[in-house]
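# Architecture at a glance
The primary structure of each chain is shown beneath.
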Amino acid sequence: MDRRIYGGSTVTNLILLLFLLSSTSALSKNLNPSPGSGQINSNSVLVALLDSRYTELSELVEKALLLQTLEEAVGRHNITIFAPRNEALERDLDPEFKRFLLEPGNLKSLQTLLMFHIIPTRVGSDQWPIEEPGRVKHETLANDHLHLINGDGRKMVDSAEITRPDDLTRPDGLIHGIERLLIPRSVQEDFNRRRSLRSISAVLPEGAPEVDPRTNRLKKKPAPVPAGAPPSLPIKSAMAPGPSLAPAPAPGPGGKHHHFDGEAQVKDFIQTLLHYGGYNEMADILVNLTSLATEMGRLVSEGYVLTVLAPNDEAMAKLTTDQLSEPGAPEQIVYYHIIPEYQTEESMYNSVRRFGKVRFETLRFPHKVAAKEADGSVKFGDGERSAYLFDPDIYTDGRISVQGIDGVLFPQEEEVVESVKKPVKKVVQPRRGKLLEVACRMLGAIGKDTSYFTKCR
């Protein structure tokens, strides 16, 4: 009986031991999620980056909307982040290049730049090449390559020196501090292309030779257009009369040899309006209700520049049905908000500060939009139909500029005063008949019938 009781207790203890072991393993799995689970805990390298001394890099990651992408990358594998010091992003970086990165239309370039600093594997400071000079290539999250270099006893990644190796180490990755920002070639080329539009040439298409009808000789070819010169004809000549689906042919790089990709630039700025938020109605009018996006693309391809005063959604909601129901009304409203010049917030504000009230040409010929300084900003229009510059420089690429305003502009109704002609009384002197005058002269000459002569007088 004792043996039976002892055997039963042994089996019970074995079952309890197995249960405790399985519970411990399950608990450890929950505390340490698998790499593919995609869950980020407080001990993640991303949390360490956001709370680290690399505040400038952290702000750029948030502005580039990359947190979700990096969380997914950390959930799949370890990562290594090369973090530039704050001074490299504040004082050492070219201000024009930093302004280029922070423009809403260049979000993809900013994302590519930041992903270029991250490789999807764990590389500690002890994994640098030992030989001098050593060079190991690693693929980045931007689908580009970085090179780990050991030169003169210094650990380097491409052209940047590692100043803080293994600065922050976490189970899912680590961070190395580097002295400068790494710029991939694709971002540098995009920046150079946007900055130096002067190298782009707008060339007139060569047609058949023309004969001068007066001399029956070939006309001389015009002088070549210098690089970056604007089209020779005004933009009014490039547009079809009234609301149209496409503009009339204009001088510039027409045909298959376009030097300006106007359609891509218009598509880029419309996507920027949608991502910026608050300008969905304007984008909808350009794309769906009208064919103005196509026309703007053609104009930009021909070498013209445009500035769009885009009313926000709150302003567009105030439009009445009568204002939009007339044929061609949406086109005419948008035409009045497009200036055939390249203007930025700075250039417009400087103009109104210097000259007071400025009148800009619009695509709604011959109407102009007035601008003046008000409350430290630029105010367009007068009276109730006025609008302030609300969101400056939403999109600027050197050819198209988009400025957000808080109202819809309309041309001023010109009061035509008709001159009323007052009737003028004309004093008509009575004229004597010809026969009576001749008779009076004859009688006076012979001295007869003096009484009648007196009546004639």
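The chain has the name FAS1 domain-containing protein in an unreviewed UniProt entry, where Eruca vesicaria subsp. sativa is given as its organism. Here the chain is described in UniProt, under the heading Function (unreviewed entry), as follows: "May be a cell surface adhesion protein."

### As for the overall build of the chain
When its secondary structure is counted, the chain shows 18 helices and 16 strands. Put simply, the chain has 457 residues, and 39% of those count as buried. Within the chain, counting contacts between residues at least 6 apart in sequence, those at least 24 apart form 66% of the total. As presented, the chain carries roughly 28500 Å² of accessible surface, and 53% of it is formed by carbon and sulfur atoms.

### Here we look at unusual backbone geometry
Cis rather than trans, the peptide bond between Phe365 and Pro366 has omega equal to 0°. As for its placement among the helices and strands, Pro366 is situated in the loop between strand S12 (358–361) and strand S13 (368–374).

### Observations regarding the side chain of Asp167
Counting through the fold element by element, Asp167 comes out in strand S6 (residues 160–170). Among the polar contacts listed, one links the side chain of Asp167 to the side chain of Arg53, at a separation of 2.6 Å. Dropping the residues within four chain positions of it, Asp167 is found in contact with Arg53, Tyr54, Ile175 and Gly177.

### Overview of the pairing of strand S5 (residues 154–157)
Relative to S5, strand S4 (residues 145–151) runs antiparallel, the two sharing four bridges. From the neighbouring strand, Ile149 faces S5, where its bridge partner is Met156. Sheet topology note: the S5/S6 ladder contains two bridges and is antiparallel. Looking at the pairing, Met156 lines up with Glu161 of S6. The hairpin formed by S5 and S6 contains two residues between the paired strands, and Asp158 there has a positive phi angle of roughly 55°.

### Section: the packing of helix H10 (residues 262–276) against helix H11 (residues 280–289)
How two helices sit against one another is set out by the angle between their axes and by the gap between those axes. Across the interface, H10 lies against H11 with an axial gap of 8 Å and an inter-helix angle of 150°. Relative to H11, H10 is oriented roughly antiparallel. Here H10 and H11 pass one another in a crossing that is left-handed. Counted together, Phe269, Ile270, Leu273 and Leu274 of H10 and Asn280, Met282, Ala283, Leu286 and Val287 of H11 form the full contact between these two elements. Residue composition of the contact of H10 with H11, grouped by class: eight nonpolar, one polar and no charged.

### Digging into the nonpolar core
Phe269, Met296 and Val402 are the most contacted members of the largest nonpolar core, which totals 33 residues. Only H10, H11, helix H12 (292–301), strand S10 (306–311), helix H13 (313–316), helix H15 (329–335), strand S15 (387–396) and strand S16 (400–405) provide two or more residues apiece to this core. Apart from the residues within four sequence positions on either side, Phe269 is in contact with Leu286, Met296, Val308, Tyr395, Ile400 and Val402. Within the second largest apolar cluster, 32 residues are counted, among which are Leu49, Val61, Phe97 and Leu113.

### Regarding the sheet that holds S13
Sheet strands pair by backbone hydrogen bonding; their relative direction is either parallel or antiparallel. One open sheet holds the seven strands; their spatial order is S11-S10-S16-S15-S14-S13-S12, and the pairing between them is mixed. Of all strands in the sheet, those bounded by a partner on one side alone are strand S11 (338–339) and S12. As defined by bridge partners, S13 adjoins strand S14 (residues 377–380) across four bridges and the pair is classed as antiparallel. Its bridge partner being in S14, Ala371 is matched across the sheet by Phe380. Sheet strands touched by H10: S10, S15 and S16. Its angle to S15, the strand with the most contacts, is close to 125°.

### Comments concerning the pattern of salt bridges
Evaluation of the coordinates by the stated rule reveals eight salt bridges. Residues Glu87 and Arg85 are paired through a salt bridge, measuring 3.7 Å at the closest nitrogen-oxygen approach. Judged by its relative accessible area of 29%, Glu87 is partly exposed. Owing to a relative accessible area of 32%, Arg85 belongs among the partly exposed residues under this scheme. The network of salt bridges with common partners includes Arg85, Glu87 and Asp92.

### Points about helix H6 (residues 95–102)
Because an α-helix completes one turn every 3.6 residues, residues spaced three or four positions apart along the sequence face the same direction. Within H6, burial applies to Phe97, Phe100 and Leu101. Along the axis of H6, the buried residues cluster in a sector spanning 95°; they form a single face. Residues of H6 that are exposed and angled more than 90 degrees away from the buried face: Pro95 and Arg99.

### Considering the packing of aromatic side chains
Taken as a whole and assessed by the stated rule, the structure comprises six aromatic pairs. Relative to Tyr395, the ring of Phe269 has its centre 6.1 Å away and its plane inclined at 45°; by these criteria the two rings are tilted. Placement of the pair is Phe269 in helix H10 and Tyr395 in strand S15, with a sequence separation of 126 residues. Here Phe269 matches Tyr395 in class, with each residue buried.

About the thresholds
- Once a new chain begins, its residue numbering starts again from 1 and follows that chain's sequence as written.
- Residue-level local features of this predicted model are given only where pLDDT is at least 70; pairs of side-chain atoms are given and counted only at 80 or more, and the full residue set underlies all totals for whole chains, interfaces and linings.
- For side-chain calculations, the full set of non-hydrogen atoms in the structure is used, while hydrogens and water are omitted.
- UniProt positions are given in the numbering used here, feature names are shortened, and annotations may be inferred rather than shown by experiment.
- Secondary structure elements are taken from DSSP: a helix is a run of H or I of four residues or more, a strand is a run of E of two residues or more, and numbering for both begins at the N terminus.
- Summary of the burial criterion: residues with accessible area below 20% of their type's maximum are buried, those above 50% are exposed, and those between are partly exposed, where the area comes from a 1.4 Å probe applied to protein chains only.
- Pairs of residues are marked as contacts when any of their non-hydrogen atoms sit within 4.5 Å.
- For the area figures, the Shrake-Rupley method with a 1.4 Å probe applies, and any residue is considered shielded solely by the protein chains shown.
- The definition of a polar contact used here is a pair of N or O atoms within 3.5 Å, where within protein one atom must be able to donate a hydrogen and the other to accept one, and adjacent residues in sequence count solely through side-chain atom pairs.
- Here, any two strands with at least 2 DSSP bridges between them count as paired.
- Between the N-to-C directions of two axes lies an angle of 0 to 180 degrees, each axis being a line fitted to C-alpha atoms and, for a helix, fitted only over the stretch in contact.
- Angles are sorted into four bins: roughly parallel if under 35 degrees, roughly antiparallel if over 145, roughly perpendicular if 65 to 115, and oblique for all others.
- Working rule for handedness: look at the near helix, and if it is turned counterclockwise from the far one by less than a right angle, call the crossing left-handed; if clockwise, right-handed.
- Residues are grouped as follows: Ala, Val, Leu, Ile, Met, Phe, Trp, Tyr, Cys and Pro are nonpolar; Asp, Glu, Lys and Arg are charged; all remaining types, including Gly, are polar.
- In this description, a nonpolar core means a group of buried Ala, Val, Leu, Ile, Met, Phe, Trp, Tyr and Cys residues linked to one another through side-chain atoms lying within 4.5 Å.
- Just to be clear on terms, a salt bridge is a Lys or Arg side-chain nitrogen sitting within 4 Å of an Asp or Glu carboxyl oxygen.
- Read the arc as the range of directions from the helix axis to the C-beta atoms.
- In this analysis, rings of Phe, Tyr and Trp, with Trp reduced to its six-membered ring, are considered paired at centre separations within 6.5 Å, and the interplanar angle assigns stacked below 30 degrees, edge-to-face beyond 60, and tilted for intermediate values.

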